[in-house]
Amino acid sequence: MSGRLVLALEHLRSLARAPIIVHCGYRCAKHNHAAGGVNNSEHTLGTAADIEIRGLSLQNMYDCALEIPEFANGGIGVYDGNFLHVDVRDHVARWARVLGKYVSIEHLVQEPVLLARSAASTHSG
C-alpha cells in the first residue's frame, strides 16, 4: 500500500471522527479482474482503497473525502453498495457505479454547494 494512501486515509479518519472500514486495498491483477475492477486499476498499484465510514451517508462520506487534498486531487468513486473508492492518482477522476454500471457521479451524490459555487466563479471569471 502506498504511504500517501495510508496517510490520506488517516487524515480522513481524523476528519470524520470515526473508524474507516477498508473493504479492499491492494489487489493483484487476477483478483482485480475477478472483483470486476477495470484494467490498470489503482488497486493494482496499491494506491486505492474501497472504504466505508459507518454512521455516515454516501453523501457525507463523499463530502469528507473531498476535504482530503490527496483524494480531492485524485480519484473518488461512489458505489450503490454505500461505499467509496478513494485513490491518490495524479489527476482528478470521479464516477459512480450503480447496478454494476459506471455512470456519472451525480447519479448517487451531489457536489457540495461551496465547491459548486467556487467552480462556477472560476469559470465565469
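Up top is the structure.
Nothing here was measured: the structure is a model prediction, and the numbers come from that model. In this convention, every chain numbers its residues from 1, walking through the sequence in written order. Residue-level local features of this predicted model are given only where pLDDT is at least 70; pairs of side-chain atoms are given and counted only at 80 or more, and the full residue set underlies all totals for whole chains, interfaces and linings. Think of the side-chain values as coming from all heavy atoms in the structure, minus any hydrogens and water.

Caption draft 1: Fine view of the nonpolar core. Nine residue types can take part in a nonpolar core, namely buried Ala, Val, Leu, Ile, Met, Phe, Trp, Tyr and Cys, and a core is a set of them joined through side-chain atoms within 4.5 Å. Exposure classes here rest on a 1.4 Å probe applied to the protein chains alone. A residue is buried below 20% of its type maximum, exposed above 50%, and partly exposed in between. Core analysis: the largest hydrophobic core is formed by 26 residues, its most contacted members being L12, I51, Y62, F71, V78 and L84. For this core, the elements supplying multiple residues, two or more each, are α1 (3-16), β2 (48-52), α3 (58-66), β3 (75-79) and β4 (83-87). By definition, any uninterrupted DSSP run of H or I lasting at least four residues is a helix, any uninterrupted run of E lasting at least two residues is a strand, and each is numbered from the N terminus. It is α3 that provides the largest number of residues to this core, a total of six residues. Apart from residues lying up to four places away in sequence, L12 is in contact with I20, I51, I53, C64, A65, I68 and F71. Any two residues whose heavy atoms approach within 4.5 Å at even a single point are treated as in contact.

Caption draft 2: Here's a closer look at unusual backbone geometry. Of note, the phi angle at N40 is positive, near 60°, even though the residue is not glycine. Relative to the assigned elements, N40 resides in the loop between α2 (29-34) and β2. Residue classification places N40 among the exposed positions, given a relative accessible area of 72%. Backbone geometry at N82 places phi at a positive 65°, although glycine is not the residue there. Tracing the sequence through the fold places N82 in the loop between β3 and β4. N82 gets classed as partly exposed once you look at its relative accessible area, which sits at 31%.

Caption draft 3: Fine view of the side chain of R89. Position of R89 among the secondary structure elements: in the loop between β4 and β5 (93-98). Excluding anything up to four places from it in sequence, R89 contacts E42, N73, G74, G75 and W95.

Caption draft 4: The arrangement of a nonpolar patch on the surface in detail. Like charges within 9 Å and nonpolar side chains (Val, Leu, Ile, Met, Phe, Trp, Tyr) within 5 Å are joined into patches, using only residues over 30% in relative accessible area that form no salt bridge. Exposure was quantified through the Shrake-Rupley algorithm and a 1.4 Å probe, taking into account, for residues, occlusion by the shown protein chains and nothing else. Salt bridges are defined by distance alone: a side-chain nitrogen of Lys or Arg within 4 Å of a carboxyl oxygen of Asp or Glu. Residues M1, V6 and Y26 make up a contiguous nonpolar surface patch of about 320 Å² in total accessible area. Take Y26: it is sitting in the loop between β1 (21-24) and α2.

Caption draft 5: Representation of the packing of aromatic side chains within the structure. What counts as a ring pair is set by centres within 6.5 Å for rings of Phe, Tyr and Trp (its six-membered ring), and what kind of pair is set by the plane angle: stacked under 30 degrees, edge-to-face over 60, tilted for all other angles. Throughout the structure, instances matching the rule amount to one aromatic pair. Taking the centre distance of 4.6 Å and the plane angle of 10° together, the rings of Y79 and F83 count as stacked.

Caption draft 6: Geometry of the pairing of β3. In terms of burial, β3 is largely enclosed, as five of its five residues are buried. With burial as the criterion, each face of β3 is covered, one bearing G75, G77 and Y79 and the other bearing I76 and V78. In short, DSSP must find at least two bridges between two strands for them to pair. In this sheet, β4 lies alongside β3 in antiparallel orientation, the contact comprising five bridges. Looking across to β4, one finds that G77 is bridged to H85. Connecting β3 to the next strand, β4, in antiparallel fashion are three residues, including N82 with a positive phi near 65°. Pairing between β3 and β5: five bridges, direction parallel. Looking at β5, one finds that G77 is bridged to W95.

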